[in-house]
Amino acid sequence: MPTVVTDAKFFNCTQSRELAEKIAAAYGSKLGNVITSTYSDGEFQPSFEESVRGSRVFIIGSTHPGADHLMEMLLMLDAAKRASARHITAVMPYFGWARQDRKDKPRVPIAAKMIASILETAGATRIITMDLHADQIQGFFEKPVDHLFASTVFLPYLRNLNLSNLTIASPDMGGSKRAYAYSKALESDVVICYKQRVKANVISHMELIGNVEGRNVVLVDDMVDTAGTLTKAADLMMERGAVSVRAICTHPVLSGEAYERVEKSKLQELIVTDSIPLKKESRKIKVVSCADLFADVMNRVHNNRSISSKFIM
């Protein structure tokens with residue numbers, strides 16, 4: 001029986017159009033035609049304006065809150081399924097709601113698991129994402145998950161800085177595994193911040209485990225939300241004698257007063273990917289694109305080739 005070769009088609013959710021255009025261009029293709037109609041009450045309906053029957057469809061969209069971003073991805077998955085696409089891949093550079101990956105107190109949801117189930121029910125036959133808040137979220141899916149690491153794009157950037165006396169830092173205990181992975185690749189020391197919270201996004205106390213005196217420090221985290229942890233850690237390290245402090249954070253959520261905190265902090269630079277579009281420019285924020293990484297992996301997935309070379313960490 002002859003092998004069925006499907007076409008690869010690319011579509012974007014509204015909030016991720018700029019990144020989707022970069023990914024499609026790096027792949028050597030163009031975005032497909034999809035329009036979204038909006039009712040006066042805010043309800044919306046995406047529509048594929050070209051046939052996807054028998055095709056491999058890549059739907060590109062980060063699902064950072066609010067819920068409209070997630071809902072748009074779900075509606076597009078359902079539309080592709082009902083239009084008889086052969087393979088439907090949800091390309092989610094940022095997988096939102098991932099911080100709710102466990103019950104940390106009674107009577108709360110495990111939102112990451114719920115959303116994984118909804119994505120599959122809507123029609124996703126594969127998930128491609130990057131730097132999940134917790135690696136084990138992959139286990140919430142019954143479909144294949146390609147979990148990429150932003151270290152693929154961050155490590156070359158860090159090496160080009162040619163920093164002497166480099167130390168990698170984790171802003172909390174939970175990120176220590178990620179920090180150790182970077183330190184191994186860069187052959188550097190590691191320090192860890194220990195923090196206590198009174199509630200979400202509010203730190204009551206922070207202490208430093210390790211020595212940063214005379215060191216160029218790079219904080220590593222999967223996301224930056226209010227920037228409270230990062231800026232407090234940077235200020236603490238400068239007080240302890242660090243020469244400079246930078247931060248690399250994959251997903252620039254940057255909510256609330258985050259931009260103002262970054263500008264006023266002792267951070268020399270905040271390096272992020274374009275998994276989420278920035279709300280505004282900042283002289284301290286440097287964006288490194290992840291488009292080439294996703295385009296390469298999507299090409300390999302479409303042509304049934306290994307992607308193991310992309311897992312630096």
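Residues numbered from 1 in each chain as written. Predicted model: local features only at pLDDT ≥ 70, side-chain atom pairs only at ≥ 80, totals over all residues. Heavy atoms only, no water.

**Notes on the sheet that holds strand S7 (residues 145-148)**
And then number 1: Judged by pairing direction, the sheet is parallel, and its five strands sit side by side in the order S1-S4-S5-S6-S7 without closing on themselves. The open sheet has two edge strands with one neighbour each: strand S1 (8-12) and S7. Taken over all neighbouring pairs, the strand axes of this sheet differ in orientation by 15° on average, direction set aside.
And then number 2: The pairing of S1 with strand S4 (residues 56-60) spans five bridges and is parallel. Looking at the pairing, Lys9 lines up with Val57 of S4.
And then number 3: Packed onto the sheet, helix H2 (residues 67-82) meets S1, S4 and strand S5 (87-92) and runs at close to 165° relative to S5. (Pairing = 2+ DSSP bridges. Helix = DSSP H or I, 4+ residues; strand = E, 2+ residues; numbered from the N terminus. Axes fitted to C-alpha atoms, helices over the stretch in contact; angles between N-to-C directions. Contact = heavy atoms within 4.5 Å.)

**Some details on the nonpolar core**
And then number 1: Counting residues in hydrophobic clusters, the biggest one holds 39 residues, and the most contacted among them are Ile23, Ile128, Tyr182, Ile248, Phe294 and Met298.
And then number 2: In terms of residues, this core owes the most to one element, helix H8 (residues 291-302), which gives seven residues.
And then number 3: Ile23 has contacts with Ile60, Ala291, Phe294, Ala295 and Met298, leaving out every residue within four places of it along the chain.
And then number 4: Judged by nonpolar contacts, the second largest core, of 32 residues, contains Cys13, Ala80, Leu132 and Ile137. (Core = buried A, V, L, I, M, F, W, Y, C linked by side-chain atoms within 4.5 Å. Buried < 20%, exposed > 50% of the residue type's maximum accessible area, 1.4 Å probe, protein only.)

**Examining helix H6 (residues 228-239)**
And then number 1: Helix length check: H6 (12 residues) gives 17 Å between terminal C-alpha atoms against 16 Å at 1.5 Å per residue, within 8%.
And then number 2: Of the residues one or two after H6, Gly241 is the one with positive phi, at around 100°. (Expected span 1.5 Å × (residues − 1).)

**A short note on the UniProt feature "domain: Ribose-phosphate pyrophosphokinase N-terminal" (unreviewed entry) in the protein**
And then number 1: UniProt records the feature "domain: Ribose-phosphate pyrophosphokinase N-terminal" (unreviewed entry) at residues 9-123, using the numbering of this structure.
And then number 2: With 34% helix and 22% strand, residues 9-123 has end C-alpha atoms that lie 16 Å from one another. (UniProt positions renumbered as here; feature names shortened; annotations may be inferred.)

**A few points about the packing of aromatic side chains**
And then number 1: Under the counting rule described, the total for this entry stands at four aromatic pairs.
And then number 2: Taking 4.6 Å as the distance between ring centres and 75° as the angle between the ring planes, the aromatic pair formed by Phe11 and Phe48 counts as edge-to-face. Separated by 37 residues along the polypeptide, Phe11 in strand S1 and Phe48 in strand S3 (residues 44-48) bring together distant segments of the chain. Across the pair, Phe48 and Phe11 agree in class, each one buried. (Phe/Tyr/Trp six-rings, centres within 6.5 Å; stacked < 30°, edge-to-face > 60°.)

**Observations concerning unusual backbone geometry**
And then number 1: The step from Pro65 to Gly66 runs through a cis peptide bond, and the omega angle for that step is 15°.
And then number 2: Assignment of secondary structure puts Gly66 in the loop between S4 and H2.
And then number 3: One non-glycine residue, Arg107, adopts positive backbone phi at about 65°.
And then number 4: You can see Arg107 is positioned in the loop between S5 and helix H3 (111-122).

**Some words on the packing of helix H4 (residues 151-161) against helix H5 (residues 176-186)**
And then number 1: Packing of H4 against H5 brings their axes to within 11 Å, and their N-to-C directions diverge by 50°. One element, H4, and the other, H5, form an angle in the oblique class. Taken as a pair, H4 and H5 cross one another with a handedness that is right-handed. Contact with H4, carried on its side by Ser151, Phe154, Leu155, Leu158 and Arg159, involves Tyr182, Ala185 and Leu186 of H5 and no other residues of that element.
And then number 2: Counted by class, the contact of H4 with H5 contains six nonpolar, one polar and one charged residues. (Parallel < 35°, antiparallel > 145°, perpendicular 65-115°, else oblique. Left-handed = near helix turned anticlockwise from the far one by under 90°. Nonpolar A, V, L, I, M, F, W, Y, C, P; charged D, E, K, R; others polar.)

**As for the packing of H2 against H3**
Think of two packed helices as two axes; the pair is described by the angle between the axes and how far apart they sit.
And then number 1: In the contact formed by H2 and H3, the axes pass within 8 Å of each other and the chain directions differ by 30°. Relative to H3, the element H2 is oriented roughly parallel. Across from Leu70, Met73, Leu74, Leu77, Asp78 and Lys81 in H2, the residues of H3 making contact are Ile115, Ile118, Leu119, Thr121 and Ala122.

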